[in-house]
Amino acid sequence: VTLKPGTRKLALTTHVVSSVGWLGAVVTSLALALAGLTSEDEDTVRAVYLAMESIGWFVLVPLSLASLLTGLVQSLGSAWGLFRHYWVVYKLLINVAATIVLLLYMQTLDHFARVAAVASASPGIPDALRSPSPLIHSVLALLLLLVATVLAVYKPRGVTPWGQRRLAQQRGR
Amino acid sequence: MVEPPNTDASPAGTPRWVKVFGVIAAVVVVVFVFLLLFGGGHGPGRHEGGAGPESPAGHTGPPPGVEHGENQP
């Protein structure tokens, strides 16, 4: 399937916007996670975890799914294909893995938000809200998305065996 | 994905960067699986005790069944 130039540009634009937006939202989550881990103010820490949950459901999840969907359209609708070039395959694997981990991790963020929303009988920041888990997940997500971005920009050479067969078929016609 | 792929210039065989990335990915997956199996679990329950979010002491744990892979919304 080859998209028309106008449609391909639109698909590329939405893919870049959703992917870069996802990256930016991960950086925001990382900053919030850092604030939640280091702040000594209880209200700030609670607010951070409530904000992280909202950013997760309303920004990270939609952008990750949009990035995955538009990436599929973009690759299948162009000469790059989905499984012809190693960099596209790696980008697909990164996108799928990051989206799955994000969807699973939203349960953890939901849990943290529930803890943050309930007032404690004892004063101080609840132990549960001192977890390094959000920071670790944000850093790992950032690394993955940076690798995906570098792959998309540099497009390192390398054709998969599937891609070589398709290329040979096209040349044989 | 704007420029057309330059497949003519691709060398035969698997490029070195693909192998390096593959090894790194395999190591990450093995470490992740190892942590899941032997690292005391994964998810909110790993970081705190066993009480619910309404625990008066604030030492909270996950609600029943809230671990990765369960009760997925």
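Residues numbered from 1 in each chain as written. Chains lettered and ligands numbered in written order. Predicted model: local features only at pLDDT ≥ 70, side-chain atom pairs only at ≥ 80, totals over all residues. Heavy atoms only, no water.

With that settled, the discussion passes to the overall build of chain B. Per the secondary structure count, chain B includes 1 helix and 0 strands. For chain B, buried positions account for 26% of its 73 residues. With an accessible surface of roughly 4700 Å², chain B has 68% of that area assigned to carbon and sulfur atoms. (Helix = DSSP H or I, 4+ residues; strand = E, 2+ residues; numbered from the N terminus. Buried < 20%, exposed > 50% of the residue type's maximum accessible area, 1.4 Å probe, protein only. Areas by Shrake-Rupley, 256 points an atom, 1.4 Å probe, with all protein chains shown as cover.)

Here the largest pocket is characterised by a volume of approximately 1400 Å³. Surrounding the largest pocket, 40 residues form its lining, Val101, Leu140, Ala141 and Leu144 of chain A together with Val28 of chain B being those nearest its centre. Among the secondary structure elements, those contributing two or more residues to the lining of the largest pocket are α1 (5-38), α2 (42-76), α3 (86-117) and α4 (133-154) of chain A together with α1 (16-38) of chain B. With 11 residues, α4 of chain A is the single largest residue contributor to the lining of the largest pocket. Here the lining of the largest pocket is composed, by residue class, of 32 nonpolar, 7 polar and 1 charged. Its volume calculated, the second largest pocket comes out at about 470 Å³. Along its surface, the second largest pocket is lined by 27 residues, and His15, Ser19, Lys91, Ala148 and Ala152 of chain A are the ones closest to its centre. Taken together, the elements giving at least two residues each to the lining of the second largest pocket come down to α1, α2, α3 and α4 of chain A. When residues of the lining of the second largest pocket are assigned to their parent elements, the largest contribution, 7 residues, is made by α1 of chain A. When its residues are assigned to classes, the lining of the second largest pocket shows 18 nonpolar, 7 polar and 2 charged. (1 Å grid on protein atoms, 1.4 Å probe; cavity = no way out; pocket = protein on both sides within 12 Å on 5 of 7 lines; lining within 4 Å. Points joined across faces, edges and corners; volume = space filled by probe spheres on them. Nonpolar A, V, L, I, M, F, W, Y, C, P; charged D, E, K, R; others polar.)

This paragraph deals with the pattern of salt bridges. Residue and element names in this part refer to chain A. A complete count under the given rule lists 2 salt bridges over all chains for this structure. Note that Glu40 is salt-bridged to Arg130, the shortest N-O span being 3.8 Å. Of this pair, Glu40 sits in the loop between α1 and α2 while Arg130 sits in the loop between α3 and α4, placing them 90 residues apart in sequence. One salt bridge connects Arg46 with Glu42, and the closest N-O pair in it is separated by 3.0 Å. Taken together, the positions of Arg46 and Glu42, both in helix α2 and 4 residues apart, correspond to about one turn of that helix. When its relative accessible area of 24% is taken as the criterion, Glu42 is described as partly exposed. (Salt bridge = Lys/Arg side-chain N within 4 Å of Asp/Glu carboxyl O.)

Let us look at the side chain of Ser64 of chain A. Here Ser64 of chain A shows up in helix α2. The contact partners of Ser64 of chain A, leaving out residues within four places of it in the chain, are Trp22, Asn95, Thr99 and Leu102 of chain A. (Contact = heavy atoms within 4.5 Å.)

Bringing the confidence of the model for chain B into the picture now. Residues and elements named next belong to chain B. Confidence in the prediction of chain B, expressed as mean pLDDT, is 63, and 37% of residues score 70 or more. Note that residues 48-73 has pLDDT below 50 and, in this model, 64 contacts with residues that lie over four places away or in other chains. At the level of chain-chain contacts, confidence expressed as ipTM amounts to 0.77, with global pTM at 0.80. (pLDDT = per-residue confidence, 0-100.)

Inspection of every chain in the model, using the stated rule, returns 6 aromatic pairs over all chains. Judged by centre distance (5.4 Å) and plane angle (85°), the rings of Trp17 of chain B and Phe21 of chain B are edge-to-face. With a gap of 4 residues between them, Trp17 of chain B and Phe21 of chain B both fall in helix α1, about one helical turn apart. Classification of Phe21 of chain B as partly exposed rests on a relative accessible area of 27%. Taken together through their ring pairs, the aromatic side chains of Tyr90 of chain A together with Trp17 and Phe21 of chain B make up a single cluster. (Phe/Tyr/Trp six-rings, centres within 6.5 Å; stacked < 30°, edge-to-face > 60°.)

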